[in-house]
Structure formats: C-alpha cells, structure tokens
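Architecture at a glance
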Amino acid sequence: MHGLQVIREGVFAARYVGHLLKARIVLAIVLAASASGAPLSSMAGDPLPEAEGQHTNRLIDSNNPYLLLHADNPVDWYPWGPEAIARARAEDKPIFLSIGYSTCYWCHVAERTLYSDPDIAAVMNKWFINVKVDREQRPEIDEIYMLARNVITGSGGWPNNVFLTADLKPFHAGSYYPPEPDQYGRPGFTEVLAALHRAWQSNRGEVLGMAGRVYAAMQAARERMSAGEPVALEPRDWLAQARRRFLQQFDSEYGGLRAGRSTTKFPQTPLLGLLLIDYRLTAEPKVRQALVKTLDAMAYGGIHDHIGGGFHRYSTDRDWSVPHFEKMLYDNAQLLQLYAEAFETTDEVLYRYTAEDIARYLTADMMAAEGGFYTAQDAQIGGVEGASYRWKRSEIEDILGGRSEEFFRVYELKRVPEIPGATGREGGDIGGVVRVRLPIEETLARFGYATPAGMLAALQPLRQQLLAARNRRPQPLRDEKLNVDLNALAIEAFVTSGEVLDDPRHLRFAKRAAERLWERAYDPKTGRLMHQMFRGRVQTKGFLADYALFGRSLMALFRATGEAVWRHRAAALADRIIERFMADDGALAMTSETEHLLISLDPGGDDAYPSGVSAAIDLFLRMSEANDGDRYALAAGRILREYSARVDGLPINWPTAIAALVANDVESVTAAGPAVVEPQRPQVNHAYSTPKTADYIRVSAEVRRKQSGDTIAVTLAIDDGFHINANPASLDYLIPTQLLFPGMTPERIQYPEPAIFEPSFADQPLDVYEGTPVVLAEFPKGAFDNRATINGI
C-alpha cells in the first residue's frame, strides 16, 4: 500500500451505503443532442401526431393501484411483459421503463406534470415503447434497473426512469425530470426525449456501446456481490462489528444514524432490532443509550403521527421533525414489534404507549375487513405533500378552544418547507407538523406530569378532537394491495405485541391475516405461493421473501399458540424454498421466474425490512428447533456457508441474519453439523511504505479464482477512531490510498466506497476509509499460475 495517511479526530460521520458501485457513466451523446436546441417536431423528419383526448391505455386491465393511476394517461403505456418487448423489437424503438409505486410523491408529480400532458405523451408514443412497473409488484425488475441506474448515475431513488434497448439493456437513466428546464439545472423531459431519440437515430453504435458497457458493469457488480470463499462463522463477532459501526455513525444529539451531509433519517428498524438483542445479551450502557435516544426521538418527533397514530416513512431533518408523509405497512409493522420488545426489555412505559398507538393505527386505517393489512398510505393530496397532516396554530386553537393552551404546553408545530416546483400550493402559510415539545424534562417538571407516557395519554381527548377535524379533510389515497411479505411482518408484529402487551386481540388479528393469506394466496396442490392480492384477485408468483417471511410469521404463531397447524404450514413453505429457490451450494435466488430478466438476481442483505436471505436463515433455524431434525439445520448451514463472506465483510448490512444466529445460540454451522468453516487463504506478502501506518492498520489478502479471471482481495483492518485517505483523495495535498503490484499490471483496481469525515484542518468533508475496507485487483485468468508469491505495495 502506498501513501496510507492515518488521521485521527474524534467521532466522525460515516456514510452508510447500500450499493456496492459508485461508478458514474456519462452519456455524452445525450448531452450533445440536447444542446442542439432542435425543436421536437424536427428531430425525426415526420411530424408528431396530434394530441388525442381522454385516453384509456393498456394499464386499465392491470389490477394494480399504481398502474391504474396511469390508466387514463394519453401515454400508450404497457405493463412489463412480452408484448411490449416484442413491439420494441418489431418497430426498432427503445423502451422507456418507468418504475415507481403508489405512494411515491415524485411519481405523482411526474404523472401530473408529464404523463398527463398530451403533447409530451405524443412524443413518448412516437419515439418509444413505454412501460410502467410497480416496484412493489415486480421487485425483481426494480432491483435490476435500480442497479442499472446506480451504474449510470451513481444514485438511486424513485421514480426510476431507464431507457433500454429492445434486448432490455439500459443506456440512460434518471429520476423525475421537469416538463421544461428549471433553475436547479435539471434538463426538461422533452429535451431528454429529443436527445435520446436523436442519439438512437444518428449514433446507434454509441448507444449500443453504452448499453453494452452498462450491462457488463451490472454483471460485474453481481459477480462482486456474490464473491468470496466461506469464512469462519462468528455471530458474536459480527454482532460486535455491527454495534461498533452503529455507534460510530450514531447521532448522539438527535438519535439515529448520520448520513454524511444528508439530513434525511430512516428508522433502520432491522438494525435497531439487532441492537435491542445486543443490549439484552451484553447490558452494554452505550447500546442502551443509543437505543433509548433513537426510540425516544422518533416517538416524540414529527415522523410519528401524534394525531392519527403510526409513523411516516422517514424524516427530512436530523431531529425527526419534518417527515416525508407517506406511511408504509412495513415500517409500522416492524416498529410495532420493536417498541413492544423495547418495552419488554427496558420497562420504559413510553414504548408501551407508542406500540399501542401503532397498533391502533394499523387496525383502524390499514386492516382489511376480511383480514390482512393494506400496503401504504399516500403522502400528498392534490399535489401538496402532507396536506392532510399539516396544521396552522389558528386551526388548532379554533378546534380546541380554551384547551388549546394545554395542548401547546406539550406539543409544538414545526413548519414544513415547501418543495419548489412540486406542489400545487406555493407560498403563504402552509402550516406545520405536530411534534412533542422538547426537552421533555422541562415540560414534565413545569406542568407536573409524572411520566412522558402519562402526559401524552392525558391529552388523548384533545388529539381525538383534532383527528375528527382532520378526518373531514380530503384524505390521502390508500394502496389496498395485500402483499404477502409485508403482511407477514404485520402478523409477527401482532403476535409479539399481543404477548408483550397482554392483549389477546392482537393475536386474533394476526391469526385472521394468516388464515386469509393461506386460504387465498397458497395453492396446496402445487405448493405455489402468490405475491399479492388486490380487489379479491391473487397475482404475481411469490418471491423468496414471500415464502421466507410468511413462513417465519407462521412459526411465530406456532410459538404463541402451540397449534401444530402453523408449524406444518411453515414447513410447507420452507420445503418450497429448498426446492425452488436454493442452489446446491446454498445460494438463494430472489425469484424462480427468470424469463425476460436481464441478469440473474442474487438477493443480498437487509434494507428497510429483512431480505429473503436473512428471513430464510431465520426460518430454517426456527424450523430446526421446532422439528428436532437436521433437514432445516442443513439448509441453514448451506446458506450460511454461501453468504458468510458477505456477512463477514459488512455485518451492519445483515442485522436480521445476525439476530437469528445470536438468538438461536448458533456459533458455527457446516453440512456435517456444528463445526467452524475454516477459510482457505493463499499466502500473499505485503509491505507498507509508511512505518507508522502499521501501528494502526493490518493488511491481509486472498486470491479468488473464477472462470472470468483472478482477483486479489486486500482487506484493511483499521483501528477504531483512525482513518486513511480514500482513492481518489478529496484534496490535492492529500495522498490517496493506492494498491500496486511490482512486475504485474491489474486489468482493474476497485477501491471501496468511502466514508465521510469532517476534520478541523480542512474546510470541507473528506472521503476516507475506516473499519475493514476491501480493495479488489482484477487480473487475467491464470496470471498467478507461475508465481510462488505475489508482492503488493
């Protein structure tokens, strides 16, 4: 290693990155075409068709709430499938693929400002085959083309708009484009369409070359994600590493995880659940402090809907005050379980109060009459985000009258900033969101409340008055899909909360949802589980996460009731996972349906909720304990060996899997039983150019041989509190970390994603490495065959 500069300066903000790529590919031909300034009508020679009137397109038969929102667009939308692909090939047109979901705010903005415009629709219909996808119905399509977006732009998010060749290879990607260029430097959508059309007509070779390079990068990314020989299984060590990373990124002032320069905060519920288990095992004061700080901050903040109950999707600021207003089943289900278990562990009555509040919201607003839970509630009304949730102080005073002063002793309004160019109501007093006044200790002392939970409970009548008034406003749309995987999260949450809160109603809600899913979504003749229900119809073949999470929730019902039927049903789902989703080496597939998929899908770690891999590990471990047999233990062992290197590389990305291992006291697993898998690591020599570096950093390496080539993976173990410069370095006078091989030239060196460090000696944040970053050097196949040793510096 050359130029390893060690920096130490207290606690720093590390960037938590879900993607493994940071490559940014710029499509120069698009920029050149858009700069031409040519009018749309002259881009292709033929005049554009006249705009038509009211239009009902192919999405009218989709039976999907998000797609149905676009069914009357003048855009000639197709759902994903062979018809659209065949037409693109027959007419030699690129595909415009737009992926979103029903409660995505900017997806609504695009539908209103772009796809409802007859002139824009005419351009789209003439030059492209237009395909609309709901990411919650087709998560495999979403995952593939979110990877493409990340490769092309280095960013993600929804809506995800990707332009494809007829063989489904992406060559351009972006998110929301305004109808016309705006002051924020975003090109207009018509400009983008015109530029891409000109490139397709006049520079086809460049477009196809770009598509080929993006496709190759996507394949390489998938290969890197699945790379790595089995390593020793160390669940307690992984737990400690995840704890250390969480505490390094912890926002000690406001709770939650810092995200570099971004103020956005997500609940990160799977990770908080792992820390709760960690605290139960270790009683570590720092873990309790971080958990309590985060749980309290979320419960008091505006991300918590204090009037109607439940939690919004995420906070747009550090102190959890101003939310993004959509409400998701997967967030509220997991938070119900988290707060219930936190109450059980800490005896903090605030957490019981919060769990009961979430349960009331889910059963009142999100539960279907026949059983089961709807997917989400929208963020906007009439183009205004959070319109139904915002309040002016005068409105609250008019409703509560003389008791408004009592309300404002405890609560305050945090103003919601307007989003420029996004809403239908600009300027003026747009109101604020209700949050608890802080610091809470001052309010308790000043007004004589005994506990925070008691104080909040005392104001329940006032909140009910406000809720009654709020319910008279126009209400956000509700996505009434019943997704199996998300319902499984709710089932297990209600089982847990019923036990902890001693409320038998919760168990009844869980059983009724499970019965409905089993009766409607599972076919006992074929063993096939479907992914979702909408308007009484089941659709889309189930994914790994559906089988694994539903099976896990059935085991929770078995634990709570002792009724064998739930264990038998869970076993049926576990058996189908082994048969349909698991390879001989233990690798799991996201889906068993691979037609029209550009690349194979190897599901990874946890995100907003547990991944199919983590849930499968958890399910098999529970099945093994309940059945006293080795079939499911062997299945768990195969998966763990296959994924051990990935978990070991970044444990914080796998909280559900680690929680399952720790909760089941698993120390090691092999096909033969409880034994440690020892990694096979070829010997590689290393040298350091700076003597002081060795005091704080240790380096190891291994050779990974594949059909496509050989790779040397160099792992840096950097002591806590120390950092080294990333490659490239942030400032000219800093020396980047660099990997060199005397006498050998790698085809490519892949440096890891940096963390963000804010030192006092620089006026801007720096990109650094910390923890255990891995540098990958790729060589041609057989490059090491005649070498006894390999030297790297």
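Residues numbered from 1 in each chain as written. Predicted model: local features only at pLDDT ≥ 70, side-chain atom pairs only at ≥ 80, totals over all residues. Heavy atoms only, no water.

Take the nonpolar core next. Counting residues in each nonpolar core, the largest one holds 206 residues, and the members touching the most others are L97, Y145, Y339, F407, F550, L588 and F620. Ranked by residues supplied to this core, first place goes to helix α21 (residues 544-561) with 11 residues. Each residue touching Y339, except ones within four places of it in the same chain, is listed here: L295, M298, A299, F311, Y351, T354, A355 and I358. With 19 residues, the next largest nonpolar core counts V699, A701, L739 and F784 among its residues. (Core = buried A, V, L, I, M, F, W, Y, C linked by side-chain atoms within 4.5 Å. Buried < 20%, exposed > 50% of the residue type's maximum accessible area, 1.4 Å probe, protein only. Helix = DSSP H or I, 4+ residues; strand = E, 2+ residues; numbered from the N terminus. Contact = heavy atoms within 4.5 Å.)

To continue, consider the sheet that holds strand β9 (residues 327-328). If you walk across this open sheet you meet the three strands as β9-β10-β15, and the pairing is antiparallel. Of all strands in the sheet, those with a lone pairing partner are β9 and β15 (478-479), marking the two edges. (Pairing = 2+ DSSP bridges.)

Once that is clear, we can look at the state of the cysteines. All told, the structure shown has one disulfide when counted by the stated rule. Bridging C104 to C107, the disulfide has an S-S length of 2.3 Å. Because the sign of the S-S torsion sets the handedness, a value of about 80 degrees for the bond joining C104 and C107 places this disulfide among the right-handed ones. Among the residues examined, C104 registers a relative accessible area of 3% and is labelled buried. Judged by relative accessible area, which is 4%, C107 ranks as buried. (Disulfide = S-S within 2.5 Å.)

This next bit is on the pattern of salt bridges. Using the criterion set out here, one finds 50 salt bridges in the structure. Two residues, R393 and E397, come together in a salt bridge whose shortest N-O distance is 3.1 Å. On the criterion of helical spacing, the pair formed by R393 and E397 is a turn pair, its members being four residues apart in helix α14 (residues 393-400). Its relative accessible area of 32% is what places E397 among the partly exposed residues. Several salt bridges share partner residues, and in doing so they unite R58, D76, E83, R87, E91 and K93 into one network. (Salt bridge = Lys/Arg side-chain N within 4 Å of Asp/Glu carboxyl O.)

Here the focus is the packing of helix α20 (residues 504-521) against helix α22 (residues 564-580). Across the interface, α20 lies against α22 with an axial gap of 13 Å and an inter-helix angle of 45 degrees. Looking at the two axes, α20 sits oblique to α22. In terms of crossing hand, the pair formed by α20 and α22 is left-handed. From α20, K511, A514, E515 and W518 reach across to α22, where they touch W566, R569, A572 and L573. Class assignment for the residues of the contact of α20 with α22 results in five nonpolar, no polar and three charged. (Axes fitted to C-alpha atoms, helices over the stretch in contact; angles between N-to-C directions. Parallel < 35°, antiparallel > 145°, perpendicular 65-115°, else oblique. Left-handed = near helix turned anticlockwise from the far one by under 90°. Nonpolar A, V, L, I, M, F, W, Y, C, P; charged D, E, K, R; others polar.)

Structurally, S614 can be placed in helix α23 (residues 612-627). Not counting chain neighbours up to four residues away, the residues in contact with S614 comprise D606, W654, T656 and A657.

Further remarks concern helix α4 (residues 105-115). By the criterion of burial, α4 is predominantly enclosed, with eight of the 11 residues buried. Every buried residue of α4 is accounted for by Y105, C107, H108, V109, A110, E111, L114 and Y115.

With that settled, consider the packing of aromatic side chains. Counted under the stated rule, the structure contains 28 aromatic pairs. Ring geometry for Y177 versus F189: centroids 6.1 Å apart, planes at 20 degrees, classification stacked. Highlighted residues: Y177 in the loop between β6 (170-174) and α7 (189-202) and F189 in helix α7, separated in sequence by 12 residues. Just as Y177 is buried, F189 falls in that class too. Plain terms: the ring middles of W518 and Y522 are 4.1 Å apart, the flat faces sit at 20 degrees to each other, and that makes the pair stacked. Residue W518 is classed as buried on the basis of its relative accessible area, which comes to 15%. Exposure remark for Y522: the relative accessible area of 7% places this residue in the buried category. A cation over a ring is seen here: R135 above Y101, with NZ or CZ 5.5 Å from the ring centre. (Phe/Tyr/Trp six-rings, centres within 6.5 Å; stacked < 30°, edge-to-face > 60°. Lys NZ or Arg CZ within 6 Å of the ring centre and 35° of its normal.)

The strand order across the open sheet formed by five strands is β2-β4-β3-β5-β6, and the pairing between neighbours is mixed. Of all strands in the sheet, those with a lone pairing partner are β2 (77-79) and β6, marking the two edges. Taking the axes of each pair of neighbouring strands and ignoring which way they run, one obtains an average angle of 25 degrees across the sheet. Relative to strand β4 (residues 129-134), strand β3 (residues 95-100) is paired through six bridges, and the arrangement is parallel. Note on β4: the bridge partner recorded for I95 is I129. Its contacts with the sheet put α7 on β3, β5 (160-164) and β6, and the angle it makes with β6 is roughly 170 degrees.

Where helix α10 (residues 269-282) contacts helix α12 (residues 329-346), the two axes come as close as 10 Å, and the packing angle between them is 15 degrees. When the axis of α10 is compared with that of α12, the two are roughly parallel. In this structure, α10 crosses over α12, and the sense of that crossing is left-handed. Where α10 abuts α12, its residues T269, P270, L272, G273, L276, Y279 and R280 lie against Q334, L335, L338, E341, A342, E344 and T345. Residues of the contact of α10 with α12, tallied by class, amount to seven nonpolar, four polar and three charged.

What follows deals with the environment of N63. Turning to its location among the elements, N63 is positioned in the loop between α1 (28-34) and α2 (65-68). Separated by 418 residues in the primary sequence, N63 and K481 have C-alpha atoms spaced 9.6 Å apart. When residues no more than four places from it in sequence are discounted, the contact partners of N63 are F534, R535, R537 and Q539. Here F534 takes part through its backbone oxygen, which lies 3.2 Å from a polar atom of the side chain of N63. At 2.8 Å, the side chain of N63 forms a polar contact with the side chain of Q539. (Polar contact = N/O pair within 3.5 Å; in protein donor to acceptor, adjacent residues only side chain to side chain.)

A word on the confidence of the model for the protein chain. Looking at the protein chain as a whole, the pLDDT averages 84, with 84% of positions reaching at least 70. Confidence, read as mean pLDDT per element, is least for strand β1 (residues 6-8) in the protein chain (27) and greatest for helix α19 (residues 484-500) (98). This stretch, residues 1-52, has a pLDDT under 50; its non-local contacts, to residues over four places away or in other chains, come to 152 contacts. Contacts for the low-pLDDT stretch residues 670-693, under 50 throughout, to residues beyond four places or in other chains number 51 contacts. (pLDDT = per-residue confidence, 0-100.)

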